[in-house]
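Below are the chains, spelled out letter by letter.
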Amino acid sequence: MASINRVILVGNLGKDPEIRHTEGGVAVARFPIATSESFKDKNGNRQERTEWHNVVAWRGLAEVAEKYLKKGQSVYIEGKIRSNNYQDKDGVQRYSIEIVADNMTMLGSGRGGENGSQNGNTETGANYGTAGNTAKPEMSNSSFDSEPDDLPF
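Residues numbered from 1 in each chain as written. Predicted model: local features only at pLDDT ≥ 70, side-chain atom pairs only at ≥ 80, totals over all residues. Heavy atoms only, no water.

Let's talk about the overall build of the chain
At step 1: The secondary structure content of the chain amounts to one helix and seven strands.
At step 2: In the chain, the order of α-helices and β-strands from amino to carboxyl end is β-β-β-β-α-β-β-β.
At step 3: Counting every position in the chain, which comprises 153 residues, the buried fraction comes to 32%.
At step 4: In the chain, 57% of the contacts between residues at least 6 apart in sequence involve partners at least 24 apart.
At step 5: Here the chain has roughly 10,500 Å² of accessible surface; of this, 46% comes from carbon and sulfur atoms. (Helix = DSSP H or I, 4+ residues; strand = E, 2+ residues; numbered from the N terminus. Buried < 20%, exposed > 50% of the residue type's maximum accessible area, 1.4 Å probe, protein only. Contact = heavy atoms within 4.5 Å. Areas by Shrake-Rupley, 256 points an atom, 1.4 Å probe, with all protein chains shown as cover.)

Now the structure itself:
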């Protein structure tokens, strides 16, 4: 039987991406994303629960994250869940879960209260990434303006 490991997140960055490079020069970005849900408890009081997700982006997607993503921005992430286990410096076995991003779309400036991003980026809503993590903007709807209006459907 086939299996699927796919995650879709829409949330806000908890801090600016941290970029590092492997010994081979491959860019790796790490950043946390917060997702929140609201619900009413058994007493009818509104509650909010926030989950934090550690996101990892590689290669071109990492470079786009470094250039355009800032703390507080809203972002759409597609990827897969990866779990890691390791021993810390005291020899204690530790576990971590991270989201390996395959696709990223910047949704706006987030909750920072500013109009636009801090770098003057006007590309909010641009889509970056493919399965190979290369940075390519998604084709915009304006490319369909040349289509004839008399389509049969």
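And the narrative resumes.
Side note on the environment of S38
At step 1: For S38, the location among the structural elements is in strand β3 (residues 27-40).
At step 2: Here the alpha-carbon distance between S38 and T50, two residues 12 residues apart in the chain, equals 8.9 Å.
At step 3: What S38 contacts, discounting residues up to four positions off in sequence, is R46, Q47 and E48.

Here we look at the pattern of salt bridges
Where charged atoms from two side chains of opposite charge approach closely, those side chains can pair.
At step 1: Counted under the stated rule, the structure contains eight salt bridges.
At step 2: Between E98 and R82 there is a salt bridge, with the nearest N and O atoms lying 2.5 Å from each other. Residue E98 is found in strand β6 (residues 93-108), and its partner R82 is found in strand β5 (residues 74-87); the two are separated by 16 residues along the sequence.
At step 3: Residue classification places R82 among the partly exposed positions, given a relative accessible area of 31%. (Salt bridge = Lys/Arg side-chain N within 4 Å of Asp/Glu carboxyl O.)

A look at the nonpolar core
At step 1: Core analysis: the largest hydrophobic core is formed by 21 residues, its most contacted members being F31, I33, V55, L69, V75, I77 and M104.
At step 2: Elements supplying a minimum of two residues to this core: β1 (7-13), β3, β4 (46-58), α1 (59-68), β5 and β6.
At step 3: Broken down by element, the residue count for this core peaks at five residues, all from α1.
At step 4: Apart from residues lying up to four places away in sequence, F31 is in contact with L13, K15, P17, H53, N54, V55, A65, L69 and I77. (Core = buried A, V, L, I, M, F, W, Y, C linked by side-chain atoms within 4.5 Å.)

Examining unusual backbone geometry
At step 1: With a phi angle near 55°, R59 is a residue other than glycine that sits in the positive phi range.
At step 2: Tracing the backbone shows R59 in helix α1.

Some thoughts on the side chain of D102
At step 1: Tracing the sequence through the fold places D102 in strand β6.
At step 2: A relative accessible area of 11% means that D102 is categorised as buried.
At step 3: Reaching out from D102, the side chain makes a polar contact with the side chain of R6 at a distance of 2.8 Å. (Polar contact = N/O pair within 3.5 Å; in protein donor to acceptor, adjacent residues only side chain to side chain.)

Considerations on the confidence of the model for the chain
At step 1: Overall, the prediction assigns the chain a mean pLDDT of 79, with 71% of residues at 70 or greater.
At step 2: Note that pLDDT drops below 50 for residues 112-124; the model gives that stretch 14 contacts with residues more than four away or on any other chain.
At step 3: Below pLDDT 50 for its whole length, residues 130-151 participates in 22 contacts with residues either more than four positions away or in separate chains. (pLDDT = per-residue confidence, 0-100.)

Notes on the environment of N85
At step 1: Within the secondary structure layout, N85 lies in strand β5.
At step 2: Through-space distance from the C-alpha of N85 to that of Y95 is 4.4 Å; in sequence the pair is 10 residues apart.
At step 3: Ignoring sequence-local partners within four residues, the contact set of N85 consists of Q93, R94 and Y95.

Focus on the pairing of β3
Consecutive side chains of a regular strand alternate in pointing toward one face of the sheet and then the other.
At step 1: Pairing analysis gives two bridges linking β1 to β3, with the strands arranged antiparallel. Paired with L13 across the strands is I33, a residue of β3.
At step 2: Taken together, the four bridges between strand β2 (residues 18-21) and β3 define a ladder with antiparallel strand orientation. Bridge pairing links I19 to A29 in β3.
At step 3: Where β2 hands over to β3, the hairpin turn is made up of five residues, of which G25 adopts a positive phi near 90°.
At step 4: The sheet contact formed by β3 and β4 spans 13 bridges and is antiparallel. From the neighbouring strand, F39 faces β4, where its bridge partner is Q47.
At step 5: From the end of β3 to the start of β4, which pair antiparallel, there are five residues, and G44 there has a positive phi angle of about 85°. (Pairing = 2+ DSSP bridges.)

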